[in-house]
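An overview of the molecular structure
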Amino acid sequence: MNEHDSERIAGLLETDGMEEAESFDDADVIVLNTCCIRENADNKLYGQLGNLKKLKEERPDLQIAVGGCLAQKDRETIRERAPHVDVVFGTHNVGRATELLTEARANGPLTEILEESEAFPSALPVKRDANHAAWVTIQIGCDNSCAFCIVPAVRGKEISRPYGELVEEVRQLASNGVTEVTLLGQNVNSYGRDLTLKLRGSELPDDSELLVGRSWTQGRHTARPLFSDLLRSVSEIEGIRRVRYTSPHPKDLRVETMDVMGEVPEVCEHLHLPLQSGSDQILASMHRGYTANKYLAKIAAARQRIVDLAVTTDIIVGFPGESDDDFEKTLELAAAVQFDNAFTFIYSPRPGTEAADLVDQYVSQDVAAERMERLRQVIERSSLHSNQTRVGLHEEVIVEGRSKRDSAMLTGRTRHNRLVHFPAQNNIRAGSYAQVLVTGARTFNLNGELLEVTAPAKHKTRIPVASS
Ligand code: 5AD
Ligand code: SF4
């Protein structure tokens, strides 16, 4: 979500006539977009701002802005510790970045933090790293209250973007040559709950189809879950070949979503389902709303409905109160699921969250680090194993470009989101689809041979025009 906000900020600055600079030294404007979900984002930020102070002294015209959720949370501290910052803004007014810079240039340093969102980031201009793939924010905020998580405090309550607007945006993206979209939300399976709640039991307004889509409007008494409808509608759009989404919450993942994943060819067979812990006690104190068995049952149901499904997850180790026994349960569950991959994190207290107050139950750094290492081994074992099962198969990849390590190799992504390296003498444009034969497996990637390019990239490339 934060990276997507950065794409939007960069897009706004470009629309305003700016160009990307090579380094801080060349820049007239520097925007630091912060995220406070984990780790010491604050230490990093103040370190960066300390370095930038000298630059600002040398070049007083340089403008420095700090945005994102850390800026929102720590606005006063930033002002106190880094008076050389020109603009401080939050997550809800990303769209005002350029106006705020202009205002600050005229009137001096300013802070603008809104408590409610002005616009969905997707409604703003964008500067994407890849032209063939796009993120689409379907919902902002989160109505859950996981004890470790800062998101509800900084991103606010869940708000869904109107159905028709999303379908239209994806249609636009497709007409520009985008073939892969990733629907983004903190809890995608509850997409639309706020929209349909407003409509239940009342006369449907004329624009209800725009708001919640045709399927829901026609069958609303069955309380259709809107997310599965949305997956279908987006997949039907001409030119869209791959649809992904992140993240679903295990307690809200419904069979309708699994059915769409099983039935609709465009929806990739990849489920990223954050587990967080395998211990029922820890899950309860995290307020996750499911048990280890319920999680396993969801995975079993998904695997039953979706042929050749890849499953990845997020796991936190060292949540306050996590005993050896609790952690063993996480290891057991991870081994039972055989994840294709996982993002693993050591718990980091976020001031203001419920778990941050459980100081007397904090797990020591040493113990947490040791647990992390053991978990890493379990995850890497199943990753390698699942990669090995791909050897000998033909896989469709989207070409991403030349491999960073070896320029004779191209890199592509499979529908499971696995990375494949394969030799290619001729350049194949990023965004093209190709078939590869998988010839080898490692823990984090596959090796392969190119069989054929099945669909060359269609997106338009901007040719830089030098100004004279
Ligand atoms: N400490 C460690 N990991 C966290 N996450 C969220 N908050 C914290 C925290 N305080 C992880 C969760 C979530 C992912 C995006 O970040 O695993 O799923
Ligand atoms: Fe945070 Fe939980 Fe919401 Fe995810 S579902 S954003 S972990 S509060």
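Residues numbered from 1 in each chain as written. Chains lettered and ligands numbered in written order. Predicted model: local features only at pLDDT ≥ 70, side-chain atom pairs only at ≥ 80, totals over all residues. Heavy atoms only, no water.

1. Looking at the sheet that holds strand β3 (residues 87-89)
The parallel open sheet is built from four strands, whose spatial order is β1-β2-β3-β4. With one partner strand each, in any of the chains shown, β1 (29-34) and β4 (110-112) form the two edges of the open sheet. On average, each strand axis in the sheet is tilted by 10 degrees relative to the strand beside it, whichever way the strands run. As paired elements, β1 and strand β2 (residues 63-68) share six bridges and run parallel to each other. Across the sheet, residue Thr34 finds its bridge partner in β2, namely Gly68. Relative to the sheet, helix α1 (residues 2-15) contacts β1 and β3, its axis offset from that of β1 by approximately 160 degrees. (Pairing = 2+ DSSP bridges. Helix = DSSP H or I, 4+ residues; strand = E, 2+ residues; numbered from the N terminus. Axes fitted to C-alpha atoms, helices over the stretch in contact; angles between N-to-C directions. Contact = heavy atoms within 4.5 Å.)

2. Some details on helix α11 (residues 226-236)
Across the 11 residues that make up α11, a large majority, nine, are buried. Every buried residue of α11 is listed here: Leu226, Phe227, Ser228, Asp229, Leu230, Leu231, Ser233, Val234 and Ser235. (Buried < 20%, exposed > 50% of the residue type's maximum accessible area, 1.4 Å probe, protein only.)

3. Brief notes about the nonpolar core
Core analysis: the largest hydrophobic core is formed by 59 residues, its most contacted members being Ile138, Val181, Tyr191, Leu230, Tyr245 and Tyr295. Looking at this core, the element that brings in the most residues is helix α7 (residues 163-175), giving six residues. Summarising the domain contributions, this core has at least three residues from each of domain 2 (128-268) and domain 3 (282-389). Ignoring sequence-local partners within four residues, the contact set of Ile138 consists of Ile159, Ser160, Arg161, Leu166, Leu183, Leu184, Val188, Tyr191, Phe227 and Leu230. Formed by 23 residues, the second largest nonpolar core is a distinct cluster that contains Ile30, Leu45, Leu52 and Leu70. (Core = buried A, V, L, I, M, F, W, Y, C linked by side-chain atoms within 4.5 Å. Domains from an automatic or database assignment.)

4. Observations regarding the environment of Pro265
The residue Pro265 is located in the loop between α12 (255-263) and β10 (270-272) in this model. What makes Pro265 exposed here is its relative accessible area of 58%. Along the backbone, Pro265 and Tyr290 are 25 residues apart, and their C-alpha atoms lie at a distance of 30 Å.

5. Focus on the packing of helix α15 (residues 324-337) against helix α16 (residues 365-388)
Viewed as axis vectors pointing N to C, α15 and α16 meet at an angle of 15 degrees, and their least axial separation amounts to 9 Å. Looking at the two axes, α15 sits roughly parallel to α16. The two elements α15 and α16 cross, and the hand of that crossing is right-handed. Contacts from Asp324, Phe327, Glu328, Thr330, Leu331, Ala334 and Ala335 in α15 reach Arg371, Arg374, Leu375, Val378 and Ile379 in α16. Classifying every residue of the contact of α15 with α16 gives seven nonpolar, one polar and four charged. (Parallel < 35°, antiparallel > 145°, perpendicular 65-115°, else oblique. Left-handed = near helix turned anticlockwise from the far one by under 90°. Nonpolar A, V, L, I, M, F, W, Y, C, P; charged D, E, K, R; others polar.)

6. What about unusual backbone geometry?
Trans peptide bonds make up most of the peptide bonds, and negative phi angles are found at most residues other than glycine. Here the amide bond leading from Thr246 into Ser247 is cis, since omega sits at -5 degrees, within 30 degrees of zero. In this structure, Ser247 sits in the loop between β9 (242-246) and α12. With phi around 75 degrees, Gln276 is a residue other than glycine that occupies positive phi space. With relative accessibility at 7%, the residue Gln276 sits in the buried group. The backbone of Gln338 shows a phi angle near 55 degrees, a positive value even though the residue is not glycine.

7. Points about the site of ligand 2
Every residue lining ligand 2 is accounted for by Cys142, Asn144, Cys146, Phe148, Cys149, Val151, Pro152, Gln186, His249 and Arg288. Residue composition of the shell around ligand 2, grouped by class: six nonpolar, three polar and one charged. (Near = heavy atom within 4 Å.)

Purely geometric numbers; function is a separate question.
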